[in-house]
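Residue-level structure breakdown
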Amino acid sequence: PCGSTYRAAPKYRPARDLTPLCTSRFLAPHNWSRAMKKVSQSDLKWRDRQSPAGKYEAYGLDFGKPMDSAASGHPFEMMLLRVPPGKRPWPYHAHAQQWEFYYVIEGSGEMRLADGNVAFTKGDAMMCNAGEAHQIINNSEADLVVQIIASNHAFDACNYPDSDKWAMRGNIFRTNETTYYDGEE
(Lines give C-alpha, C1' and ligand atoms only; values in the text may rest on other atoms or scores of the structure.)
Protein backbone atom coordinates (compact mmCIF):
# COMPACT_ATOMS: atom_id res chain seq x y z
CA PRO A 1 0.00 0.00 0.00
CA CYS A 2 1.07 3.59 -0.69
CA GLY A 3 3.99 2.39 -2.80
CA SER A 4 5.67 0.46 0.01
CA THR A 5 7.05 -3.00 -0.50
CA TYR A 6 6.17 -5.97 1.61
CA ARG A 7 8.86 -7.65 3.65
CA ALA A 8 8.95 -11.24 4.72
CA ALA A 9 7.77 -11.86 8.27
CA PRO A 10 10.66 -12.11 10.72
CA LYS A 11 11.85 -15.60 11.48
CA TYR A 12 10.27 -17.14 14.59
CA ARG A 13 12.45 -16.82 17.67
CA PRO A 14 12.32 -19.39 20.47
CA ALA A 15 11.07 -18.26 23.90
CA ARG A 16 14.62 -17.97 25.27
CA ASP A 17 15.27 -15.08 22.86
CA LEU A 18 12.26 -13.12 24.16
CA THR A 19 13.71 -12.48 27.61
CA PRO A 20 15.23 -9.07 26.68
CA LEU A 21 11.79 -7.90 25.54
CA CYS A 22 10.40 -8.49 29.03
CA THR A 23 12.93 -6.08 30.53
CA SER A 24 11.95 -3.12 28.36
CA ARG A 25 10.88 0.10 30.02
CA PHE A 26 7.24 -0.86 29.38
CA LEU A 27 7.27 -4.31 30.96
CA ALA A 28 8.53 -5.19 34.40
CA PRO A 29 10.91 -8.15 34.51
CA HIS A 30 9.35 -11.37 35.72
CA ASN A 31 10.70 -14.67 36.94
CA TRP A 32 8.39 -16.74 34.73
CA SER A 33 9.07 -20.42 34.60
CA ARG A 34 9.59 -21.73 31.08
CA ALA A 35 7.55 -24.86 31.75
CA MET A 36 3.78 -24.88 31.49
CA LYS A 37 2.11 -25.63 34.81
CA LYS A 38 -1.04 -27.71 35.10
CA VAL A 39 -3.35 -28.28 38.05
CA SER A 40 -6.42 -30.53 37.98
CA GLN A 41 -9.49 -29.48 39.92
CA SER A 42 -9.77 -33.06 41.21
CA ASP A 43 -6.39 -32.63 42.96
CA LEU A 44 -7.52 -29.55 44.90
CA LYS A 45 -9.42 -29.40 48.18
CA TRP A 46 -12.07 -26.82 49.01
CA ARG A 47 -10.74 -24.51 51.74
CA ASP A 48 -13.30 -22.97 54.05
CA ARG A 49 -13.31 -19.49 55.51
CA GLN A 50 -15.81 -18.50 58.18
CA SER A 51 -16.06 -15.53 60.50
CA PRO A 52 -16.58 -16.14 64.25
CA ALA A 53 -20.16 -14.78 64.25
CA GLY A 54 -21.07 -16.49 60.94
CA LYS A 55 -21.81 -13.47 58.75
CA TYR A 56 -19.00 -14.41 56.35
CA GLU A 57 -18.62 -17.90 54.90
CA ALA A 58 -17.11 -19.20 51.67
CA TYR A 59 -15.25 -22.16 50.19
CA GLY A 60 -12.47 -21.77 47.67
CA LEU A 61 -10.50 -23.86 45.20
CA ASP A 62 -7.26 -21.96 44.70
CA PHE A 63 -5.55 -22.87 41.43
CA GLY A 64 -2.76 -20.30 41.88
CA LYS A 65 -1.06 -21.66 45.00
CA PRO A 66 -0.23 -25.12 43.59
CA MET A 67 1.20 -23.40 40.52
CA ASP A 68 3.31 -21.16 42.77
CA SER A 69 1.89 -18.15 40.92
CA ALA A 70 2.91 -15.57 43.54
CA ALA A 71 6.55 -16.65 43.81
CA SER A 72 6.97 -17.15 40.07
CA GLY A 73 5.65 -13.67 39.22
CA HIS A 74 2.79 -15.10 37.16
CA PRO A 75 0.55 -12.22 36.04
CA PHE A 76 -2.73 -13.59 37.42
CA GLU A 77 -4.32 -16.04 39.86
CA MET A 78 -7.53 -18.02 39.50
CA MET A 79 -9.90 -19.55 42.01
CA LEU A 80 -13.39 -20.96 42.22
CA LEU A 81 -15.44 -19.51 45.06
CA ARG A 82 -18.58 -21.09 46.52
CA VAL A 83 -20.74 -18.89 48.76
CA PRO A 84 -23.65 -20.48 50.70
CA PRO A 85 -27.11 -18.84 50.65
CA GLY A 86 -27.37 -15.65 52.72
CA LYS A 87 -23.60 -15.29 53.15
CA ARG A 88 -20.78 -13.03 52.01
CA PRO A 89 -17.30 -14.41 51.42
CA TRP A 90 -15.43 -11.43 52.90
CA PRO A 91 -15.98 -7.86 54.14
CA TYR A 92 -16.39 -4.87 51.83
CA HIS A 93 -12.85 -4.04 50.66
CA ALA A 94 -10.68 -2.35 48.03
CA HIS A 95 -7.33 -3.57 46.73
CA ALA A 96 -4.60 -0.98 46.17
CA GLN A 97 -3.26 -2.71 43.03
CA GLN A 98 -5.20 -5.87 42.28
CA TRP A 99 -7.93 -6.04 39.63
CA GLU A 100 -10.49 -8.84 39.89
CA PHE A 101 -12.58 -10.42 37.12
CA TYR A 102 -15.63 -12.46 38.16
CA TYR A 103 -17.61 -14.96 36.09
CA VAL A 104 -20.78 -16.42 37.63
CA ILE A 105 -20.93 -20.19 37.08
CA GLU A 106 -23.96 -21.01 39.26
CA GLY A 107 -26.52 -19.04 41.21
CA SER A 108 -27.16 -15.33 41.62
CA GLY A 109 -26.41 -12.52 44.02
CA GLU A 110 -25.27 -8.92 44.23
CA MET A 111 -21.99 -7.04 44.05
CA ARG A 112 -21.87 -4.26 46.61
CA LEU A 113 -20.16 -1.14 45.23
CA ALA A 114 -19.82 2.45 46.46
CA ASP A 115 -22.73 3.58 44.25
CA GLY A 116 -25.04 0.73 45.31
CA ASN A 117 -25.57 -2.97 44.72
CA VAL A 118 -25.53 -4.53 41.25
CA ALA A 119 -27.50 -7.77 40.72
CA PHE A 120 -25.89 -10.63 38.81
CA THR A 121 -26.80 -14.17 37.78
CA LYS A 122 -25.37 -17.25 36.06
CA GLY A 123 -23.44 -16.29 32.92
CA ASP A 124 -22.72 -12.70 34.00
CA ALA A 125 -19.19 -11.30 34.17
CA MET A 126 -17.94 -8.36 36.23
CA MET A 127 -14.61 -6.64 36.79
CA CYS A 128 -13.52 -4.54 39.75
CA ASN A 129 -10.66 -2.10 39.23
CA ALA A 130 -7.86 -1.55 41.70
CA GLY A 131 -9.10 0.93 44.31
CA GLU A 132 -12.78 0.07 43.76
CA ALA A 133 -14.38 -1.18 46.99
CA HIS A 134 -16.53 -4.27 46.42
CA GLN A 135 -18.20 -7.23 48.11
CA ILE A 136 -20.05 -10.30 46.84
CA ILE A 137 -23.37 -11.03 48.54
CA ASN A 138 -25.32 -14.25 48.03
CA ASN A 139 -28.87 -13.09 48.71
CA SER A 140 -30.41 -16.16 47.04
CA GLU A 141 -31.66 -19.52 48.33
CA ALA A 142 -28.96 -21.54 46.50
CA ASP A 143 -25.16 -21.74 46.46
CA LEU A 144 -23.34 -19.12 44.41
CA VAL A 145 -20.27 -20.31 42.46
CA VAL A 146 -17.98 -17.71 40.94
CA GLN A 147 -14.71 -17.98 39.03
CA ILE A 148 -12.31 -15.21 40.05
CA ILE A 149 -9.28 -14.22 38.00
CA ALA A 150 -7.15 -11.62 39.77
CA SER A 151 -4.07 -9.73 38.75
CA ASN A 152 -1.09 -10.95 40.75
CA HIS A 153 1.14 -8.20 42.13
CA ALA A 154 4.24 -8.63 44.24
CA PHE A 155 2.63 -6.29 46.78
CA ASP A 156 -0.99 -5.39 47.43
CA ALA A 157 -2.78 -3.72 50.30
CA CYS A 158 -6.48 -3.91 51.14
CA ASN A 159 -8.61 -1.21 52.72
CA TYR A 160 -11.81 -2.14 54.58
CA PRO A 161 -13.93 1.07 54.52
CA ASP A 162 -16.69 -0.21 56.85
CA SER A 163 -14.27 -0.92 59.71
CA ASP A 164 -11.46 1.52 58.84
CA LYS A 165 -8.87 -1.27 58.66
CA TRP A 166 -5.99 -2.10 56.34
CA ALA A 167 -4.40 -5.42 55.47
CA MET A 168 -0.85 -5.78 54.20
CA ARG A 169 1.21 -8.97 53.93
CA GLY A 170 -1.05 -10.84 56.35
CA ASN A 171 -1.16 -8.05 58.97
CA ILE A 172 -4.42 -6.27 59.85
CA PHE A 173 -4.25 -2.81 61.43
CA ARG A 174 -5.86 0.60 61.76
CA THR A 175 -4.12 3.92 61.15
CA ASN A 176 -4.57 7.29 62.79
CA GLU A 177 -4.41 10.57 60.93
CA THR A 178 -1.31 12.60 61.68
CA THR A 179 0.91 15.26 60.13
CA TYR A 180 3.67 14.56 57.63
CA TYR A 181 6.56 15.39 60.02
CA ASP A 182 5.05 13.78 63.15
CA GLY A 183 7.76 11.69 64.81
CA GLU A 184 10.41 12.78 62.29
CA GLU A 185 11.98 15.68 64.23
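Shown above is the structure to which this text applies.
Residues numbered from 1 in each chain as written. Predicted model: local features only at pLDDT ≥ 70, side-chain atom pairs only at ≥ 80, totals over all residues. Heavy atoms only, no water.

Remarks on the environment of Tyr56
Note that Tyr56 resides in the loop between β1 (47–50) and β2 (57–62). In sequence terms Tyr56 and Trp90 are 34 residues apart; their C-alpha atoms lie 5.8 Å from each other. (Helix = DSSP H or I, 4+ residues; strand = E, 2+ residues; numbered from the N terminus.)

Observations regarding the pairing of strand β11 (residues 157–160)
Taking every second residue as pointing to the same face, both faces of β11 are buried, with Ala157 and Asn159 on one and Cys158 and Tyr160 on the other. As defined by bridge partners, β11 adjoins strand β12 (residues 165–168) across four bridges and the pair is classed as antiparallel. Across the sheet, the residue bridging to Cys158 is Ala167, located in β12. Linking β11 to β12, which pair antiparallel, is a turn of four residues; within it Asp164 sits at a positive phi near 55°. (Buried < 20%, exposed > 50% of the residue type's maximum accessible area, 1.4 Å probe, protein only. Pairing = 2+ DSSP bridges.)

Quick look at the side chain of Ser151
In this fold, Ser151 is placed in strand β10 (residues 144–151). We classify Ser151 as buried; its relative accessible area is 17%. In this structure the side chain of Ser151 is engaged in a polar contact, spanning 2.8 Å, whose partner is the backbone nitrogen of Trp99. (Polar contact = N/O pair within 3.5 Å; in protein donor to acceptor, adjacent residues only side chain to side chain.)

Considerations on the environment of Lys87
Note on placement: Lys87 falls in the loop between β3 (76–83) and β4 (94–95). Residues in contact with Lys87, not counting those within four places in the same chain, are Gly54, Lys55, Glu57, Ile137 and Asn138. At a separation of 2.4 Å, a polar atom in the side chain of Lys87 contacts the main-chain carbonyl oxygen of Gly54. (Contact = heavy atoms within 4.5 Å.)

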